[in-house]
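Listed here are the chains, written in short residue letters.
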Amino acid sequence: MRILALETSCDETAAAIVEDGRKILSNAVFSQIDIHALYGGVVPEIASRAHVDACDRMIDQALREAALTIDDIDALAVTYGPGLVGALLIGVNCMKGFSYATGKRLIPVNHIEGHVSANFLSHPELTPPFVCLVVSGGHSHLVIVNDYGVYTLLGQTVDDAAGEAFDKGARVLGLQYPGGPHLSKLAEGGDPAYLKLPRPKAEGKYDFSFSGLKTAFINACHTMEQKGLALPRADLAASYQQAIVDSLCDKTMRAVTDSGLKTLCLAGGVSANALLRRQMAALAQAQGVTLCMPRHDLCTDNAAMIAAAAYYRRQTTAPLSLNAVPSLKLV
Ligand code: KG4
Ligand code: ZN
């Protein structure tokens with residue numbers, strides 16, 4: 001079954017074709033990062049307009065890359081939440097129109113489920129149940145994937161998402177949006193023990209909290225600036241990154257141990273982080289747990305993961321009244 005999916009929940013306009021939820025036939029991504037970097041973050045109205053411009057182009061590109069025509073496609077899929085309402089609406093309406101015009105069914109997809117499903121593309125042998133840490137710009141969830149589309153929520157962030165924490169720390173160090181990858185690069189030459197930062201404890205056993213850590217980091221940077229000291233930027237980046245990664249690893253491994261499951265997956269933009277991947281791999285190996293992580297380009301927003309998720313929701317057909325749901329939950 002070949003599914004053509006469109007993703008427009010934030011600042012990537014992406015279209016992709018995936019076969020049977022596992023095999024990528026094409027994966028076209030137009031990133032709006034250069035447009036938004038000018039403003040230090042995503043400007044929702046500009047994102048919506050850029051999606052209007054790029055949707056058709058990306059769908060054409062996905063078909064061309066796969067050397068297919070619309071007649072070869074069995075179903076369409078679209079992200080309908082969570083995300084920016086205007087951005088989501090562009091994708092939802094584009095695909096409703098496409099579905100009506102072509103007579104192909106439309107499958108509605110939850111963006112977070114898409115991130116989880118990126119693992120099915122990178123690991124064709126992977127099957128539920130497994131524990132999954134989903135860490136992106138807007139979400140930090142720790143879930144058990146009991147079966148396809150069946151989740152138990154173990155924990156989540158009580159304040160900032162992990163990606164948000166990366167981006168806000170990066171801004172203090174004068175790095176461009178989105179700061180996560182830049183901060184990670186800067187940290188490569190730094191000393192993670194330079195600055196002692198708290199390892200925040202949220203109340204729930206598997207919950208995360210990053211706002212205290214973020215404030216401690218910002219205060220430390222401002223204090224140095226007020227004293228007229230040059231910021232040791234690489235050391236600061238390394239210390240901050242280490243604190244975020246320690247916190248993610250600690251809660252995740254605790255959940256894995258308690259669950260008794262032997263497979264752990266990472267998902268979402270932050271799962272592209274090299275330190276997180278390295279540290280989690282070492283911990284998983286020590287516990288005899290199999291670790292799955294999406295390929296780098298499948299960690300951040302893309303439509304292949306949406307097509308993969310749609311395959312496991314192939315019984316669902318969206319009505320033409322389908323609306324965007326900006327705060328759609330996974331569980
Ligand atoms: O999943 P994603 O592309 O979009 C959302 O659904 O939010 O995640 C984007 C987030 C941004 O906060 C970005 O800074 C972060 O993922 N990110 C990283 C890295 N690559 C992307 N954070 C840390 N290290 C990275 N290498
Ligand atoms: Zn995302």
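Every value quoted in this text rests on a predicted model; they were computed, and no experiment measured them.

## Side note on the overall build of the chain
When helices and strands are tallied, the chain shows eleven helices and ten strands. In terms of C-alpha radius of gyration, the chain reaches 20 Å, essentially the compact-globule figure of 20 Å for 331 residues. Once the C-alpha set of the chain is aligned to its principal axes, its extents read approximately 65 × 45 × 30 Å. Residues classed as buried in the chain amount to 54% of the 331 residues present. Taking as baseline every contact in the chain between residues at least 6 positions apart, the subset at least 24 positions apart corresponds to 73%. Here the chain carries 28 positive and 32 negative side-chain charges, and the mean point of each set is 4 Å from the other.

## A short note on the sheet that holds strand β9 (residues 263–267)
Strand order in the open sheet formed by five strands is β8-β7-β6-β9-β10, with mixed pairing between adjacent strands. Looking at strand neighbours, the two that pair on one side only are β8 (150–156) and β10 (290–292), the edges of this open sheet. Going from strand to strand, the sheet's axes swing by 25 degrees on average, the running direction of each strand aside. Inspection of the sheet shows β9 paired to β10 by three bridges, in the parallel sense.

## Some remarks on the site of ligand 1
In the vicinity of ligand 1, 18 residues are found, and the nearest of them are His115, Gly137, Asp167, Gly269 and Asn273. For ligand 1, the accessible surface in isolation is 550 Å², of which the surrounding protein chains cover 88%. At the level of secondary structure, the elements contributing two or more residues to the shell around ligand 1 comprise α4 (111–122), α5 (162–172) and α6 (179–187). Of all the elements, α5 adds the most residues to the shell around ligand 1, at three residues. Here the shell around ligand 1 gathers at least three residues from each of two domains, domain 1 (2–116 + 299–311) and domain 2 (127–294).

## Focus: the sheet that holds strand β4 (residues 75–81)
The five strands are arranged β3-β2-β1-β4-β5 in an open sheet whose pairing can be described as mixed. Each edge of the open sheet is held by one strand with a lone partner, namely β3 (23–31) and β5 (105–110). Within the sheet, the average angular offset between the axes of one strand and its neighbour, ignoring direction, is 20 degrees. As judged from the six bridges shared by strand β1 (residues 2–7) and strand β2 (residues 12–19), these two strands associate in the antiparallel manner. Bridge assignment links Leu6 to a residue of β2, and that residue is Ala15. Its contacts with the sheet place helix α11 (residues 304–311) against β1, β2, β3, β4 and β5, and it is angled at close to 130 degrees to β1.

## Some points on the nonpolar core
If you look at the biggest cluster of nonpolar residues, it comprises 47 residues, and the most contacted ones within it are Leu248, Leu276 and Met280. When residues of this core are traced back to their parent elements, those giving at least two are β6 (130–135), β7 (140–147), α5, α6, α7 (211–226), α8 (233–259), β9 and α9 (274–286). When residues of this core are assigned to their parent elements, the largest contribution, twelve residues, is made by α8. When neighbours within four sequence positions are excluded, Leu248 is seen to be in contact with Leu133, Val135, Ala162, Phe208, Phe210, Leu276 and Met280. Of all hydrophobic cores here, the second largest spans 23 residues; its members include Leu6, Ala28, Cys55 and Val78.

## Describing the coordination of the zinc ion (ligand 2)
Protein coordination of the zinc ion (ligand 2) is provided by His111 (NE2), His115 (NE2) and Asp301 (OD), with donor distances spanning 2.0 to 2.1 Å. One way to put it: the four donor atoms around the zinc ion (ligand 2) meet at angles of 96 to 129 degrees, and that makes the site tetrahedral. Counting along the primary sequence, the residues that act as donors to the zinc ion (ligand 2) give the motif H-x3-H-x185-D. Here His111, found in helix α4, pairs with Asp301, found in the loop between α10 (296–299) and α11; they are 190 residues apart in sequence, far enough to count as distant. Look at His111 and you get buried, because its relative accessible area is 5%. For Asp301, a relative accessible area of 15% corresponds to the buried category.

## Description of the packing of α7 against α8
Taken N-terminus to C-terminus, the directions of α7 and α8 make an angle of 170 degrees; their axes are 11 Å apart at the nearest point. Judged by the angle between their axes, α7 and α8 are roughly antiparallel. In the crossing of α7 with α8, the sense of the turn from one axis to the other is right-handed. Residue-level inspection shows Leu213, Lys214, Phe217, Cys221 and Met224 of α7 in contact with α8, the latter providing Leu236, Tyr240, Ala243 and Ile244. Here the residues of the contact of α7 with α8 sort into eight nonpolar, no polar and one charged.

## Thoughts on the packing of α4 against α11
The angle between the axes and the distance between the axes are what describe a pair of packed helices. At a closest axis distance of 7 Å, the pairing of α4 and α11 adopts a crossing angle of 90 degrees. The orientation of α4 relative to α11 falls into the category roughly perpendicular. From α4, His111, Glu113, Gly114, His115, Ser117, Ala118 and Leu121 reach across to α11, where they touch Ala304, Met305, Ile306, Ala308 and Ala309.

## Topic: the domain arrangement of the chain
Here the domain parsing of the chain yields domain 1 (2–116 + 299–311) and domain 2 (127–294). Centre-to-centre separation of domain 1 and domain 2, based on C-alpha positions: 27 Å. In this assembly, 14 residues from domain 1 lie in contact with 22 residues from domain 2. Interface area, domain 1 with domain 2, both sides summed: about 1,300 Å², of which 69% is carbon and sulfur.

Here is what the cut-offs are and how they apply
- Residues numbered from 1 in each chain as written.
- Chains lettered and ligands numbered in written order.
- Predicted model: local features only at pLDDT ≥ 70, side-chain atom pairs only at ≥ 80, totals over all residues.
- Heavy atoms only, no water.
- Helix = DSSP H or I, 4+ residues; strand = E, 2+ residues; numbered from the N terminus.
- Rg over C-alpha atoms; globule rule 2.2 N^0.38 Å.
- Buried < 20%, exposed > 50% of the residue type's maximum accessible area, 1.4 Å probe, protein only.
- Contact = heavy atoms within 4.5 Å.
- Lys, Arg positive; Asp, Glu negative; His and termini not counted.
- Charge placed at Lys NZ, Arg CZ, Asp CG, Glu CD.
- Pairing = 2+ DSSP bridges.
- Axes fitted to C-alpha atoms, helices over the stretch in contact; angles between N-to-C directions.
- Near = heavy atom within 4 Å.
- Areas by Shrake-Rupley, 256 points an atom, 1.4 Å probe, with all protein chains shown as cover.
- Domains from an automatic or database assignment.
- Core = buried A, V, L, I, M, F, W, Y, C linked by side-chain atoms within 4.5 Å.
- Donors = N, O, S within 2.8 Å, 3.2 Å for Na, K, Ca; no water.
- Tetrahedral: all angles 85-135°; square planar, octahedral: opposite > 155°, others 65-115°.
- Parallel < 35°, antiparallel > 145°, perpendicular 65-115°, else oblique.
- Left-handed = near helix turned anticlockwise from the far one by under 90°.
- Nonpolar A, V, L, I, M, F, W, Y, C, P; charged D, E, K, R; others polar.
- Buried area = accessible area lost by both parts, 1.4 Å probe.

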